[in-house]
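# Secondary and tertiary structure notes
Below, each chain spelled out in residue letters.
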Number of protein chains: 2
Amino acid sequence: MPSNAPIGVFDSGVGGLTVAREIMRQIPNETIVYFGDTARVPYGSKSKETVITYSRQIVKFLQTKEIKAVVIACNTASAFALETISKEIDIPIIGVVKPGAKIAAQTTKNGNIGIIGTEGTINSGIYNEFLSKTNPNVKVFGKACPLFVPLVEEGLLEDPITYEMAGRYLDELLHYDIDTLVLGCTHYPLIRHTIQKVVGDKITLVNPAYETAKSLKDVLMTNKIESTRERPEHRFFVSDGAEKFKAFANTILPCEVLETKDINIEQY
Amino acid sequence: MPSNAPIGVFDSGVGGLTVAREIMRQIPNETIVYFGDTARVPYGSKSKETVITYSRQIVKFLQTKEIKAVVIACNTASAFALETISKEIDIPIIGVVKPGAKIAAQTTKNGNIGIIGTEGTINSGIYNEFLSKTNPNVKVFGKACPLFVPLVEEGLLEDPITYEMAGRYLDELLHYDIDTLVLGCTHYPLIRHTIQKVVGDKITLVNPAYETAKSLKDVLMTNKIESTRERPEHRFFVSDGAEKFKAFANTILPCEVLETKDINIEQY
């Protein structure tokens, strides 16, 4: 695969743009082909089998764009599908969970780590698994926050309702004396200010996006497939609502999104 | 088609069970084959094309169960797909919008009607269309309430957060002196107590489910295909999470749901 080939990045919807943004910042020569599964969002409450089927279709689609690597920019899909898909393709693939767990293990001082995410991510126990491997002494406390994604999509980022809901979800975690909280869903960095206000300044919020971009950089170096392109032209595809997606993407990405295409993902 | 054949009822998820419940109550001899598209829920924010594609797949699946009629128990799918699908099949098909509009027009005294629903239903303007045909003098005021479906699915039916959110959504409608409010999404009857508290006793809430079951009864009579079955055995299918669906269905249906099957809807 040529080094200047693009990197495929996908998510259930717009959340993965927080990961794409970090990749653009840290490795600006790389070209991104982004796919957001906006027709079938959210993934967080779906079964493992369904999330694997959807992820497989998306990777097949991305491979038609001659990508050199894949980033699963969605915690639920990383939790459920990374292992299976990595056996089915012959290009490098990474998720957001392992990098998130790594940085959380480095951040904690007292060893008590909280994880918030979708039902799928939390119930999979995958953060616990990776964290225990990294450091068997850490204690991990997970909490699913199903309303955060719809609240973000409704644009209630620093709203009293989001604050009240965050209070209810996080109250339990605060009793465990955590000093680190992993934002285990790519939507959550968009409400990090509200979450920080609820948990207070003594708890460090961890956004796996930063570490994921760093991991990707390492993978590209190891495989000697770093891009030398000076002005990469990123491309964006969705399964529904291209215009709505484009407008949202333009509010959070450092580049201008000129076009987003609707594709029929079920045919892959 | 034999008269004792089942009726196909579908929704994006669990909401349509409020319609199935009404059918069971009003025409207890009829057998229901229910499909909930739980893998691809919600429909409310999806495009017309996507909702038509999904509805077509579901009707094809239901037809493998030798149904004699179809009820689209979802306002968004009724708004977007009923017209198209009705041209493609040769059995009777009804939606929830027309019955809902009919009962709203009969209910209002001052001619000011509010409609709440998903973005898809409200932006389609379909309630306005049907209501204007019924009575050109009524004034219709629509409001999309995107967070109601996730709040219902999170079980926050009579919660302060749902009350606060309902207050924000409905405040605008209250300024138009409406005397009738249509619950234009099949999930909303599940939070009708909270909605009634917000709008007060002078506004009548209209639940299209009741009138839809009545319309179905008329259609069956007109076509002389009423069932004579004494103990119908309803069947339930979903595209994901059969056990979770079954548990929810058992809390709201008058019959016991013994089994729910997961099927791959994309193959239809």
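Residues numbered from 1 in each chain as written. Chains lettered and ligands numbered in written order. Predicted model: local features only at pLDDT ≥ 70, side-chain atom pairs only at ≥ 80, totals over all residues. Heavy atoms only, no water.

In the nomenclature of an unreviewed UniProt entry, chain A corresponds to Glutamate racemase from the organism Mobilisporobacter senegalensis. You can read under Function (unreviewed entry) in the UniProt record for chain A the words "Provides the (R)-glutamate required for cell wall biosynthesis." Per UniProt, chain A has the following entry under Catalytic activity (unreviewed entry): "L-glutamate = D-glutamate". (UniProt positions renumbered as here; feature names shortened; annotations may be inferred.)

Turning next to the overall build of chain A. What chain A contains, in helices and strands, is 11 helices and 10 strands. The globule rule puts the C-alpha radius of gyration for 268 residues at 18 Å, and the 18 Å found for chain A is close to it. Along the three orthogonal principal directions, the C-alpha set of chain A runs to about 50 × 35 × 35 Å. Evaluated residue by residue, chain A yields a buried proportion of 60% over its 268 residues. Looking at chain A alone, contacts between residues at least 24 apart form 76% of all its contacts between residues at least 6 apart. A distance of 4 Å separates the average location of the 29 positive side-chain charges in chain A from that of its 32 negative side-chain charges. (Helix = DSSP H or I, 4+ residues; strand = E, 2+ residues; numbered from the N terminus. Rg over C-alpha atoms; globule rule 2.2 N^0.38 Å. Buried < 20%, exposed > 50% of the residue type's maximum accessible area, 1.4 Å probe, protein only. Contact = heavy atoms within 4.5 Å. Lys, Arg positive; Asp, Glu negative; His and termini not counted. Charge placed at Lys NZ, Arg CZ, Asp CG, Glu CD.)

Attention now moves to the packing of helix H1 (residues 17–26) of chain A against helix H11 (residues 242–252) of chain A. Residues and elements named next belong to chain A. The contact between H1 and H11 brings their axes to 10 Å, and the two run at 45 degrees. Comparing their axes, H11 and H1 come out oblique. Considering the relative orientation of H1 and H11, their crossing is right-handed. Residues Leu17, Thr18 and Arg21 of H1 form the contact with H11, whose participating residues are Phe245, Phe248, Ala249 and Ile252. A per-class count over the contact of H1 with H11 returns five nonpolar, one polar and one charged. (Axes fitted to C-alpha atoms, helices over the stretch in contact; angles between N-to-C directions. Parallel < 35°, antiparallel > 145°, perpendicular 65-115°, else oblique. Left-handed = near helix turned anticlockwise from the far one by under 90°. Nonpolar A, V, L, I, M, F, W, Y, C, P; charged D, E, K, R; others polar.)

Here we come to the side chain of Asp159 of chain B. Counting through the fold element by element, Asp159 of chain B comes out in the loop between helix H7 (148–153) and helix H8 (160–174). Polar contacts involving the side chain of Asp159 of chain B include one to the main-chain amide nitrogen of Ile161 of chain B, which spans 2.8 Å. (Polar contact = N/O pair within 3.5 Å; in protein donor to acceptor, adjacent residues only side chain to side chain.)

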